[in-house]
Every structure is written in structure tokens, then in C-alpha cells.
Amino acid sequence: MLVSHSGEQISSVLHTLILDLFLCKTTRGHVFLPQNPKTVSMVQELVKEGAVEALKKCFSSRMEFGTAGLRAAMGPGTSCMNDLTIIQTTQVVLITLRSGGVVIGYDARAHPPSGGSSKRFASLAAAVFISRGVPVHLFSDITPTPFVPFTVLHLGLCAGIMVTASHNPKQDNGYKVYWENGAQIVSPHDKGISQSIEENLEPWPESWSTEEALKSPLLKDPYQDIHTQYFKAIQKHCHHRDINKSSKVKIVHTSVHGVGHTFVQSAFKAFDLHPPYAVEEQKDPDPEFPTVKYPNPEEGEGVLTLSFALAEREGATVVLANDPDADRLAVAEKQESGQWRVFSGNELGALLGWWMFRCWEKLNSDAAAVKNVYMLSSTVSSKILRGIALKEGFHFEETLTGFKWMGNRARDLLDQGKTVLFAFEEAIGYMCSSSVLDKDGVSAAAIAGEMISYLATKSSSLSQQLTAIYEEYGYHISKNSYFICHDQDVIHSLFDRLRNYSGQKDSYPTECGRFSISAVRDLTTGYDSNQPSNKAVLPTSRSSQMITFTFSNGGVATMRTSGTEPKIKYYTELCAAPGNSNVTHLKKELDDLVDAIVDNFFEPEKNKLQPKPE
């Protein structure tokens, strides 16, 4: 029998179908829907309409516990984010934990049709922990994602959960897990949780008791304390307070309908920077994201239209933008031509990396100290930090894609007594402080504000400084984009073709158009032609596709699938030696290389791939 929380029978010709599809059967053979009347109503409506395909989509598969947690649309069924799947996941996280407290934060996302919201999901997660006697630090209001890993470290907790879908479309939500080391979970914890969910589907009766949980003495609100301690912690990266106080630079900030406004204003205040002009239409949280098609500042100018308009009215020359959970930062600068330049994640990584090292160098006169300094970036990001490291003498390391890898590697280095100055990924994610072992758009905004103010005292701009960095350390020209593909068979076929290029198994291409390939690394299979054993050094995973080609002209191209979106991404870069400043030639060479990769490796017409929307 299919029953709701009130025991009401849902009868339909599709009753048997749903029983077969829904995985959460109790010992009595019942199937329970979430105790949320709106979610129940959605299922009843689909049953009434005979919407077999929609029901299959909701119930025929379970969300994969992947990139540090869950991310999916809010709605009914095992493939969606709802009360039941949140409870099931949290119960398993609890089982996996060592003893100790947890922190739970949430953004402003909400999905009225299903009754789901980040706040509700956070309350349900809290109820699960409290039902088993685990102390919970539940933020009483929306908070940026970086505040959760900060709280884990600051309070010495055993885990943190952030309910957010970051910059995903409005119908989505997510569940991000941090471990006791303050970094996002990696294997074996993620795999253990994923397997255990299937084995522990029945919700504990107390898990629904959010009202009781919110009255429990085990529940604490860390909001005020963490707000104070976070802004105190990031002030150690403020090195030019006098310049900040007197700066005449005007800056615009947008939080793109997310949580960032209040926190970036506070970060600027902590650095004694003049408050940035806020984009009025976007400064308050709104789960509908009404002024943008995609709430992702990585998409560039389309998201920043209102910011540019405000900047023109106020005479501002710089725009800062956070994504909705404020863990990413985009920056744009008005050029002398009057046009706006939106910096890529790689370009801003170069600027912030240069700035973080320069500030460290001013405080450390001991020449030997640099041997203890590290910077990190993901393998698909620009190699510019490697260029800076080679000249300045610090260490540079690459990790797999994603801050879960950089955060955990940073933790390892910190535990060895090393200094981790900076880490970044090309997807506009920056870790400028080891107080947060994840990307942090709030601290990055304040640090960028100080860098901009300092450069102004030298009659320089971000664009001019970026050129100076490339002149000194070598030009690194990158071009990244993606194709949309919803068909997993097409994706597998595309990558399998690259692994069997000459018709023989495990034979990769040796050229792409006129470009000769000098090395191949496949982090899906573990192959790396650069290694004596042909075995990759970086961790491998068969659950995602990722192949990197190195070209004889100095170009590097990586093709990979996204862990959270239906995209096949490509990342290309041409690295030139210091002194090679023929930028026009370098850009033309990279454009030709990208065209060759798209035509020969992606074959978008044959594979019916949709290009990135303009």
C-alpha cells in the first residue's frame, strides 16, 4: 500500500508502478512519502494525470552522493531533493561520524510547489542529529557556504553540512558535507555514505520532529559568534589599512539574489574599505532569481548587466559579484575604452596569487622561509601559479578538479607545518585564507578590494597588473567553454572513441588537426604517457570522464564531464616562456587549437551537442 504521513491511501492504476519504483519500503511493505503535504500533493497530481515518464524520472533512480554530497532538483521521489531524501542521507552521515558536534548552514533557496527549502532541509538534518544525542550548531539565518567549514575548524566539530545548490538553476538544491578536518569529504567517506544510504532507507520516527529538535538543549545558534570570529580571522590578510581608508576607488557589488550582500559589506568594513555600492535589485535573497537567466556570475556579462548600469551611474570602475551562496567571486573592470572587461577565473587567480605572495613577502624577510610556502590549483586551471613559483621559489602543486581535493591537500600541508598561501580553480573559486579550507567569495572580495585600492595608489589597474604578471612570469592564455549533453550514451561514446582512436584498444590520438600531441593523461582509466609506468600520479575515478592532451606547441587541453550539470567541459591553455609577449600570435594559435579540438574530438554536429548559450 502507498500511504502518506496521514495514512491516506493513494489509489491509481499506477499504484503498482510507483511501488516498484519507490525504494523506501518499510518492514511492513509500506512505502512512505515525505511528511510534507505539498510533496504528497505533487505525487497525487502526477498519478492523477497518468504522468508515467515524470513519475519514472522522480522514482526510478536515486540521487548519486557525488561531489562532496548531493545536488538535484527539489521535488518528490528518490531522484530529487525532498524531506525524505534529506533524512535518509543525514541518518547515514550520522552513522558514519565520529563522536562530536556538527554545524548546519543553509542558503535562501526554496521550491514552493514541493514545499522544499534550504531552511526546511537544514531543520530536518538537525532533527536527525538531535534525535541521536548529537549536539547541533544550526545557523538561525541564511549564511555563506564558507562559514560552515570555518565553523567546523573554529569549534572543533566532527562535521559540517551546508544546504545549497550554489549557482545551479532555481529549482535545484544541494547537500554539501565537510569532515572534521574542515574540508569537503573525499573517498572513502563519500563512497561509504553513498553505499550506506541504500542499506538504511527507512526514516527513524524522530527524524521528522523538527519542532522538538528546535527546542532541544542540544541545539545552539552559532550565528553571532561565527560572524564575529570569521571577520576577525580574515583581518590577518589586511595589510594596507591606511590605503583602504583613504581609497577613492568606487566598487559595485552584487550578490545575485543570494546570501552575500550583508557578509561582503561586513568584510569591507573589517578591512576599513569604503562599502561597495550594492545592486538594489539583486541584494536581497530571492529564490526565484528574477533578474537573471542563470544565477552564475561565471557566465559573465549577462549576469552583470545591472551591476554595470549602477557602476556607470555612480562612476565606479570595478564590479564584484558573488554567486548565490557566496563561495565564488567574479570581477569586472572598466577599461579606458569605456568597455567592461570580465576577468576569467584564471586571470583573477593570477592576480590574487600574485597579491597573496607579494603581501607574504613583505612580512617575511627570511629568504629561506619561502621554501615552506605552497600554492595550489586544480589540474584544469591555469598553470600561472607554477610560473610564479618557479621564479619566486615557493612550491606549487596541482590537484584533481574541485576544492574538495585542494582543501584536503591544504589540510595535509598545514598539518606538516607548511604555509598554504593560496589555492584557486578556474571556475572563479579562491581560497585566500587557511581559516576556510574551501573556496570563499567573501574573504576574496575584501582582499580583491584591498588589492584594487593599492594598485590605484600606483596609478595602475587590474588589467595593467595582469599584463605585468604575464610579462614577468610568462603569458598564460586560456580559453574554456562547454557543450550541453543530456545523453550519457553519447558522452561515453565520445570519450571511448578518444581511447580507441586508431581502432585499437587503448590507442589515443597523436595529433589533432595540424597540432601534434606529445602526451596524454586519462584520469578515468589511470593512464599517463608522461609517467615511466604509464600510470597516472593523480587519483583516478571511473565515475567521471577526464582526458588531458599536451601539445608540442605548449598547449594543454582537458576534456571532462561535469559532476553537477549535463555538460562536457573543455579547458585549454597556451603557456609561453617569459619574454614571449606576442599576445596576438598566442591568441590566434590557441583559437586554432580550440577549433581543431571541437571539430575533431567533440564532433558537435554528429553528437548533437548544444554549444554554451551566448
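Thresholds, definitions, all that
Residues numbered from 1 in each chain as written. Predicted model: local features only at pLDDT ≥ 70, side-chain atom pairs only at ≥ 80, totals over all residues. Heavy atoms only, no water. Helix = DSSP H or I, 4+ residues; strand = E, 2+ residues; numbered from the N terminus. Rg over C-alpha atoms; globule rule 2.2 N^0.38 Å. Buried < 20%, exposed > 50% of the residue type's maximum accessible area, 1.4 Å probe, protein only. Contact = heavy atoms within 4.5 Å. Areas by Shrake-Rupley, 256 points an atom, 1.4 Å probe, with all protein chains shown as cover. Lys, Arg positive; Asp, Glu negative; His and termini not counted. Charge placed at Lys NZ, Arg CZ, Asp CG, Glu CD. Pairing = 2+ DSSP bridges. Axes fitted to C-alpha atoms, helices over the stretch in contact; angles between N-to-C directions. Phe/Tyr/Trp six-rings, centres within 6.5 Å; stacked < 30°, edge-to-face > 60°. Lys NZ or Arg CZ within 6 Å of the ring centre and 35° of its normal. UniProt positions renumbered as here; feature names shortened; annotations may be inferred. pLDDT = per-residue confidence, 0-100. Expected span 1.5 Å × (residues − 1). Core = buried A, V, L, I, M, F, W, Y, C linked by side-chain atoms within 4.5 Å. Disulfide = S-S within 2.5 Å. Parallel < 35°, antiparallel > 145°, perpendicular 65-115°, else oblique. Nonpolar A, V, L, I, M, F, W, Y, C, P; charged D, E, K, R; others polar.

Caption draft 1: Quick peek at the overall build of the chain. Counting secondary structure elements, the chain contains 20 helices and 27 strands. Its C-alpha atoms give the chain a radius of gyration of 25 Å, within 12% of the compact-globule value 25 Å for 614 residues. Along the longest, intermediate and shortest principal axes, the C-alpha atoms of the chain span 75 × 65 × 50 Å. Out of the 614 residues belonging to the chain, those deemed buried represent 58%. In the chain, the proportion of contacts linking residues at least 24 apart, taken out of those at least 6 apart, comes to 70%. Of the roughly 24800 Å² that the chain leaves accessible, carbon and sulfur atoms contribute 48%. Across the chain, the centroid of the 59 positively charged side chains sits 2 Å from that of the 69 negatively charged ones.

Caption draft 2: How the structure looks around the sheet that holds strand E7 (residues 136-138). Overall, mixed pairing links the six strands, which are arranged E3-E9-E8-E4-E7-E10 in an open sheet. Looking along the sheet, the strands with just one partner apiece sit at the ends: strand E3 (69-73) and strand E10 (219-220). Where strand E4 (residues 102-106) lies against strand E8 (residues 159-163), five bridges are found, and the strand directions are parallel. The residue bridging Val-102 from the neighbouring strand is Ala-159, located in E8. Strands E4, E7, E8, strand E9 (172-179) and E10 of the sheet are contacted by helix H5 (residues 118-131), whose axis makes an angle of about 165° with E4.

Caption draft 3: Molecular detail of the packing of aromatic side chains. What the rule picks out here adds up to 22 aromatic pairs. Judged by centre distance (6.3 Å) and plane angle (15°), the rings of Phe-424 and Tyr-430 are stacked. The pair Phe-424 / Tyr-430 is uniform in exposure class, with both members buried. Taken together, the ring pairs in this structure connect Phe-139, Phe-147, Phe-150, Tyr-223, Tyr-230, Phe-231 and Phe-263 into an aromatic cluster. It is Lys-567 that lies over the ring of Tyr-482; its NZ or CZ is 4.0 Å from the centre.

Caption draft 4: Looking closely at the UniProt feature "domain: Alpha-D-phosphohexomutase alpha/beta/alpha" (unreviewed entry) in the chain. The sites that carry the UniProt feature "domain: Alpha-D-phosphohexomutase alpha/beta/alpha" (unreviewed entry) are, in the present numbering, residues 63-201, 229-334 and 345-473. Secondary structure across residues 229-334 divides into 31% helix and 16% strand, with the first and last C-alpha atoms of the span separated by 34 Å. Between the C-alpha atoms that bound residues 345-473 the distance is 18 Å, and the span itself is 54% helix and 16% strand.

Caption draft 5: Structural view of the sheet that holds strand E11 (residues 251-254). In spatial order, the strands read E12-E11-E13-E14-E15; together these five strands make up an open sheet with mixed pairing. Two strands lie at the open edges of the sheet, namely strand E12 (277-278) and strand E15 (340-342), each paired on one side alone. Where E11 meets strand E13 (residues 318-322), four bridges bridge the pair, whose relative direction is parallel. Bridge assignment links Thr-254 to a residue of E13, and that residue is Ala-321. Sheet strands in contact with helix H11 (residues 260-270) are E11, E12 and E13, and its direction is about 145° off that of E11.

Caption draft 6: Summary view of the confidence of the model for the chain. Per-chain confidence: the chain averages 91 in pLDDT, with 94% of residues scoring 70 or above. With pLDDT under 50 throughout, residues 1-14 is counted as low confidence; its partners more than four residues away or in other chains account for 31 contacts.

Caption draft 7: Summary view of the environment of Pro-539. Mapped onto the elements, Pro-539 comes out in the loop between strand E23 (527-528) and strand E24 (546-551). The class of Pro-539 is partly exposed, set by a relative accessible area of 40%. Taking the C-alpha atoms as reference points, Pro-539 and Leu-400, 139 residues apart in sequence, are found 7.3 Å from one another. Filtering out sequence-adjacent residues up to four positions away, Pro-539 remains in contact with Leu-400, Trp-405 and Leu-523.

Caption draft 8: Layout of the side chain of Lys-439. Topologically, Lys-439 is positioned in the loop between strand E19 (429-431) and helix H16 (441-457). The class of Lys-439 is buried, set by a relative accessible area of 7%. Apart from residues no more than four positions distant in its own chain, Lys-439 is found in contact with Pro-146, Lys-176, Asp-327, Arg-328, Phe-403, Glu-425, Gly-429 and Tyr-430.

Caption draft 9: Quick look at the pairing of strand E20 (residues 476-484). Sheet analysis places E20 next to strand E26 (residues 567-575), joined by nine bridges and oriented antiparallel. Across the sheet, residue Ser-481 finds its bridge partner in E26, namely Tyr-570. Sheet topology note: the E20/strand E27 (residues 610-611) ladder contains two bridges and is antiparallel. Along E27, the bridge assignment pairs Phe-483 with Pro-611.

Caption draft 10: Local environment of helix H19 (residues 583-602). In this model H19 runs 27 Å from its N-terminal to its C-terminal C-alpha over 20 residues, within 8% of the 28 Å that 1.5 Å per residue would give. Residues of H19 that are buried include every one of Leu-586, Glu-589, Leu-590, Leu-593, Val-594, Ala-596, Ile-597, Val-598, Phe-601 and Phe-602, and no others. Once H19 ends, the next one or two residues include Glu-603, with phi positive near 45°.

Caption draft 11: Broad picture of the nonpolar core. In terms of nonpolar packing, the biggest core is built from 160 residues, with Phe-129, Phe-422 and Tyr-430 touching the most fellow members. Discounting chain neighbours no more than four positions away, the residues touching Phe-129 are Thr-90, Val-93, Leu-94, Leu-97, Val-102, Ile-104, Val-134, Val-136 and Ile-161. Core analysis: the second largest hydrophobic core is formed by ten residues, Leu-413, Val-420, Ala-423 and Leu-437 among them.

Caption draft 12: Representation of the environment of Pro-276 in the model. Of note, Pro-276 is situated in the loop between H11 and E12. On the accessibility criterion, Pro-276 (6% relative accessible area) is buried. The spatial distance from the C-alpha of Pro-276 to the C-alpha of Val-264 is 8.6 Å, given a sequence separation of twelve residues. Residue contacts for Pro-276: discarding those within four places in its chain leaves Ile-251, Val-252, His-253, Val-264, Gln-265 and Phe-268.

Caption draft 13: Just the state of the cysteines, in detail. Scanning the entire structure with this criterion turns up zero disulfides. Of all cysteine sulfurs, the one in Cys-80 lies closest to Cys-58, which takes part in no disulfide; the gap is 4.6 Å. Looking at Cys-58, the relative accessible area reads 11%, which means it is buried.

Caption draft 14: A look at the packing of helix H13 (residues 345-363) against H16. The contact between H13 and H16 brings their axes to 11 Å, and the two run at 80°. With respect to H16, the element H13 is oriented roughly perpendicular. In contact with Leu-351, Leu-352, Trp-354, Trp-355, Met-356 and Arg-358 of H13, H16 contributes Ile-447, Ala-448, Glu-450, Met-451, Tyr-454 and Leu-455. Tallied by class, residues from the contact of H13 with H16 come to ten nonpolar, no polar and two charged.

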